[in-house]
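Overview (structure and organization)
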There are 2 protein chains.
Amino acid sequence: MNLQIDGERLVSEIEILATFSEAAPPVVTRIVFTPADLKARAWLKARCEEAGLTVRYDAIGNTFARWNGSDQSASIVGTGSHIDAIPNAGKYDGVVGVLGGLEAIRALQRGGFRPRSSIELLIFTAEEPTRFGVGCLGSRLLSGTLLPDTARKLIDRDGASVEEVRASAGFKGKLEEGKLLSGYYKAFVELHIEQGPLLEREGIPLGIVTKIAAPASLRISIEGAGGHAGGVLMPDRRDALCAAAELVLAIENAALSSGATDTVATVGICEVFPGAVNSIPSKVHLSVDIRDTDLQRRDAVMHALDLACKTISAKRRMSIETEVLNADAPGDCAPFVIDALSRSCTKHGLKFTPMVSRAYHDSLFMGRIAPVAMLFIPCRNGYSHRPDEYASPEDIAKGTLVLAETLAMLSA
Amino acid sequence: MNLQIDGERLVSEIEILATFSEAAPPVVTRIVFTPADLKARAWLKARCEEAGLTVRYDAIGNTFARWNGSDQSASIVGTGSHIDAIPNAGKYDGVVGVLGGLEAIRALQRGGFRPRSSIELLIFTAEEPTRFGVGCLGSRLLSGTLLPDTARKLIDRDGASVEEVRASAGFKGKLEEGKLLSGYYKAFVELHIEQGPLLEREGIPLGIVTKIAAPASLRISIEGAGGHAGGVLMPDRRDALCAAAELVLAIENAALSSGATDTVATVGICEVFPGAVNSIPSKVHLSVDIRDTDLQRRDAVMHALDLACKTISAKRRMSIETEVLNADAPGDCAPFVIDALSRSCTKHGLKFTPMVSRAYHDSLFMGRIAPVAMLFIPCRNGYSHRPDEYASPEDIAKGTLVLAETLAMLSA
C-alpha cells in the first residue's frame, strides 16, 4: 500500500476549524454546545460525509463517523479526540487527533486499503471541564465512568443543565443509551499534541504513551474568624488565609517528596473572603489538583493532604472541609496497541520514545472499555491551553502517517 | 443644662442607615460613591437639615454640617466619622460617630445650649480603602497628607478614576480646594466603636484614646510561570501561589515575634491568576496591612517582610515586587481634648479608661491639622468589619452623652 498523507490539506483544515471560535484569531475559545461548537460540528460532519463515512451522534453529542469494514461482525478499530477548547486556547489540542484521524482514513482510502474491521472516527463531547466542571464528559458517559443520573444534575455557570443545553443543541435520546459495551472497540488510538516539553527537548518526533496519569480534584473550604485588621491581636486570630498558606505548602511538599517525578500537585484557585485590605480573612476556598501515573502514590499525597488538614485545623482552631470532586484511577495503555504503534513508526523509519501522559485525555476513560494507546507529537515549548500553542505541519503529518499505518494494522 | 440623649431615635436611625446597603440585611456593604452610599448621604443630609444644620460638600464629597455658634470668627469644634462600609460589614463602624454626633448636637439644642464656637459634624469620604486601595481618602485630602495629584491617579477595580466617580456622584470643584487650614478646627473629637475586645473584657463603658496606631499598606506582586497542572513537573515549576504562601506565613511570624502585642499584620487580599482548577498560578497579588503604636517596631516588621521577599524570590526563581501604598506615622491625641473627654465622663459618673486605638481612623489624619481625641465604646466580642458587629443601645447612648458634654465644653 502506498500511504501518502495530504499534509497541506490537513493543515488548512486545522486553520478552518480554528475559525469556529468565540474569540478573534489566533485565540480559539470553543465551549461545548455554544454556536461556535455547533458550527464546527456541522462543518466536520460534512467533511466526514465527503470521505464516505457514516455519521451518527449519541445522546450527549459524541460523534461517530464510520468507514465500514468487510467483516461487520468484527469489533471496531477506533480513533479520535475532541474539538472543544477552553477560553483563550489554541488550534491543536484535540483537533490534531480529530482531523488527523480523518486524514488517516482518507489516506488509507487513497492507498486502496480495504479494512476488515470497521474503522471509526470518534469526536468526544466536552473533553474540557469549562462548561460543566467535569472533564471528559463524553468519554465518561461512553465508558460508564459517569452515571447518567449524575450527569443530568450538572449545571453550567448560568444554571442551565446538561439536559437543557444538549436538547437545545439538537441531541436527543436517553443518556443511558450512550454507554458502549466492552468489546465494541477492538482497539482505540488517540493522536494528540504532547502538551509538555519532552519530545521537543529530546528532538524526537513521536511519543507512544504507555500510561495516562490519574487526576484527583478536591475543593477545600477553610473557615476561621474575620475581624478588623487593626483591632484583633495576633494571638486571638483565626486567620483562614494563614491556614490556607500552610496547606498550600504542605500539598507542594507532599508532591515533591513522593519519591517520583511523576507526582504533581497544584492549588490553582485560592478565593479569600471577604477579600478586603483591612479585614482578616474569615474563609478561604482552595481547589487542588493531584496527578500521578501511579494510583497508590497519588493516594499517598491525598492522605498527606488529609493529615495536614487535621493538624492545621487543630493548631489554628478552625474548620477545614475537604470535598473530593473526582479521583480517577490512572490508565495503562494496552501492550498490543503500543506494539502496533511502535511497528508503524519503525516501518516508516520514524524515531519514537515511550512516555507517560501527564495531562489526562478521553483515552483514560476509553481504556476502561477498550484496549487503548496514544500517540504524541511535539508542541512548541510544551505550550498548550494558550493561543500560541503550535505543532509543525511536518510533525502533524508524521503523527497522521503513523496513525494511518496503525489503524490499517489493527483492522487488517 | 439638662442633657438628654434620645437613645431610641438614635438606634432607629442606625437601623435605617443600615438599609442603604448593596447586600441584604443584616449585612452592610456600602462602598463609596455607589448608589447605596449616595442614598445614605441624601438621607443623612435631610436629617442634618431637619436639625437646622447648614450642609456643604467639598470636592471629594466630605460632608460638613454646621451648627453656627455666636462667635463666627472663632475656630470650629468638630466631630464626626464615616458611613462607608467594607463588603460584608456591620451597622456600627463609623456610623456611631456620625449619627451619635448628630444626636449630640440635637441633645445640646434640646438642652438649650448656645455654642460660642460653631460645632460641625464632619462625615468623611471613603474611610475604608475598599474602592481605591487607600484608607481615609477624605481626611487625607483634608489634612494635606495625600496630594491631589496622587489622589487623581487612583483608580478602582474597573479602571474608573477618582475624578470620574466623584464627578458622576455629583461632587465638583478642584481637589486642591479641599485642604483645611491648621486652626480651622479648634478641636476634633471622634466617637467610635472599639473594634477590639478590651472594653467589653474589662466591663468599662468608655475608652479615651491617647494614641492611634500607625498603619502601613503594601501591595505585593509575585510573578512566576503558569502552565498545565498535569504537564509541568514539580522541580520545573515557578508557582506564584506557593511563593505567596511562604510570604503570608513570614508576615504572620514577623508580627507574632515583634516582642509586643500591639504589632499586628494581615494579608487581606490574595488574588491568583489565571485562577483555574488545572492551571499553575503564574501571578499572585497580595495586600498587606501592618500596624503598631510604635513606628520603629512597625518598620521592623516591614523590614522582615522585605527580607522574606528577597529570600523567597531567590529560592523560587521569581520576581516579587513590593509597593508601599502608605506608611503613616502613629498619632498622639491632644492632652486638652483628652482632658475634656475625661471631665465629661466624670461629670456624668461614667467609668473610663485611657487606651490606644489599634485600628486607624480619620482622626489620625485630622490630628495633623487639629488637636484630636477619640472616644471608644465597647463592641460585642470585639467584632468589627463583619455582619454580627454590635454595640448596645446603652453604650451608644453613654458615648453620645459624653460626646455632647465634651462638644459643649470645647465650644463654650
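Keep in mind that this is a model prediction, so the values were computed, not measured.

**Some thoughts on helix α2 (residues 35-50) of chain A**
Residue and element names in this part refer to chain A.
- In this model, α2 (16 residues) spans 23 Å end to end at C-alpha, consistent with the 22 Å of a helix rising 1.5 Å per residue.
- Residues Ala 36, Asp 37, Ala 40, Arg 41, Trp 43, Leu 44, Arg 47 and Cys 48 constitute the buried set of α2.
- Here the buried face of α2 lies against α1 (7-18), β1 (28-30), β2 (54-57), β3 (63-67), α3 (95-110) and β6 (119-124).
- Backbone geometry just downstream of α2 places Gly 52 in the positive-phi region, at approximately 80°.

**Some details on unusual backbone geometry**
- Of note, the amide linkage connecting Pro 25 of chain A to Pro 26 of chain A takes the cis form, showing an omega dihedral of 5°.
- When you line up the elements, Pro 26 of chain A lands in the loop between α1 and β1.
- The residue after Phe 273 of chain A, namely Pro 274 of chain A, is reached through a cis peptide bond having omega 0°.
- For Pro 274 of chain A, the location among the structural elements is in the loop between β10 (264-273) and β11 (283-292).
- Phi at Asn 88 of chain B takes a positive value of approximately 65°, unusual for a residue other than glycine.
- Residue placement: Asn 88 of chain B occurs in strand β5 (residues 85-89).

**Quick notes on the sheet that holds strand β12 (residues 319-327) of chain B**
Residues and elements named next belong to chain B.
- Spatially, the 4 strands line up as an open sheet ordered β10-β11-β9-β12, and their pairing is antiparallel. One side of each edge strand has no neighbouring strand; the edge strands of this open sheet are β10 (264-273) and β12. Sheet twist, expressed as the average angle between the axes of neighbouring strands with direction ignored, equals 15°.
- Of the pairings in the sheet, the one linking strand β9 (residues 214-223) to strand β11 (residues 283-292) comprises 10 bridges and is antiparallel in character. Within β11, the position partnered with Ala 214 by the bridge is Asp 292.
- Along the sheet, helix α8 (residues 240-256) makes contact with β9, β10, β11 and β12, crossing β11 at roughly 5°.

**Points about the side chain of Thr 63 of chain A**
- Of note, Thr 63 of chain A is situated in strand β3.
- When near neighbours in sequence (up to four residues on either side) are disregarded, Thr 63 of chain A contacts Arg 41, Val 55, Arg 56, Tyr 57, Leu 121, Leu 122 and Ile 123 of chain A.

**Digging into the interface of chain B and chain A**
- Taken together, the 54 residues of chain B in the interface contact 50 residues of chain A.
- Here chain B and chain A share an interface that buries about 4500 Å² over both sides, 64% of which is from carbon and sulfur atoms.
- Viewed at the interface, chain A and chain B are joined by 3 salt bridges.
- For the salt bridge of Asp 236 of chain A with Arg 201 of chain B, the shortest nitrogen-to-oxygen distance reads 3.7 Å.
- On the surface where chain B and chain A come into contact, there are 7 residue pairs in polar contact (both at pLDDT 80 or more).
- Sorting the residues of the side of chain B that touches chain A by element identifies β5, α8, β10 and β11 of chain B as the ones contributing at least two each.
- Among the elements that line the side of chain B that touches chain A, the one with the most residues is α8 of chain B, at 9 residues.
- Here the side of chain B that touches chain A is composed, by residue class, of 26 nonpolar, 16 polar and 12 charged.

**Looking at the environment of Ile 251 of chain A**
Residue and element names in this part refer to chain A.
- Tracing the sequence through the fold places Ile 251 in helix α8 (residues 240-256).
- Sequence separation between Ile 251 and Ala 304 is 53 residues, and the spatial gap between their C-alpha atoms is 7.7 Å.
- Beyond its immediate stretch of four places on either side in the chain, Ile 251 contacts Ala 265, Val 267, Val 288 and Leu 305.

**Looking at the nonpolar core**
- Counting 82 residues, the largest nonpolar core has Leu 108, Tyr 185 and Met 366 of chain A as the members making the most contacts within it.
- If you tally residues by element for this core, the top one is α3 of chain A, at 9 residues.
- When neighbours within four sequence positions are excluded, Leu 108 of chain A is seen to be in contact with Met 1, Leu 3, Trp 67, Phe 113, Ile 119, Ala 404, Leu 407 and Ala 408 of chain A.
- Residues Val 272 and Leu 305 of chain A together with Ile 220 and Val 272 of chain B belong to the second largest nonpolar core, which totals 70 residues.

Reading guide: rules and limits
- Residues numbered from 1 in each chain as written.
- Chains lettered and ligands numbered in written order.
- Predicted model: local features only at pLDDT ≥ 70, side-chain atom pairs only at ≥ 80, totals over all residues.
- Heavy atoms only, no water.
- Helix = DSSP H or I, 4+ residues; strand = E, 2+ residues; numbered from the N terminus.
- Expected span 1.5 Å × (residues − 1).
- Buried < 20%, exposed > 50% of the residue type's maximum accessible area, 1.4 Å probe, protein only.
- Contact = heavy atoms within 4.5 Å.
- Pairing = 2+ DSSP bridges.
- Axes fitted to C-alpha atoms, helices over the stretch in contact; angles between N-to-C directions.
- Buried area = accessible area lost by both parts, 1.4 Å probe.
- Salt bridge = Lys/Arg side-chain N within 4 Å of Asp/Glu carboxyl O.
- Polar contact = N/O pair within 3.5 Å; in protein donor to acceptor, adjacent residues only side chain to side chain.
- Nonpolar A, V, L, I, M, F, W, Y, C, P; charged D, E, K, R; others polar.
- Core = buried A, V, L, I, M, F, W, Y, C linked by side-chain atoms within 4.5 Å.

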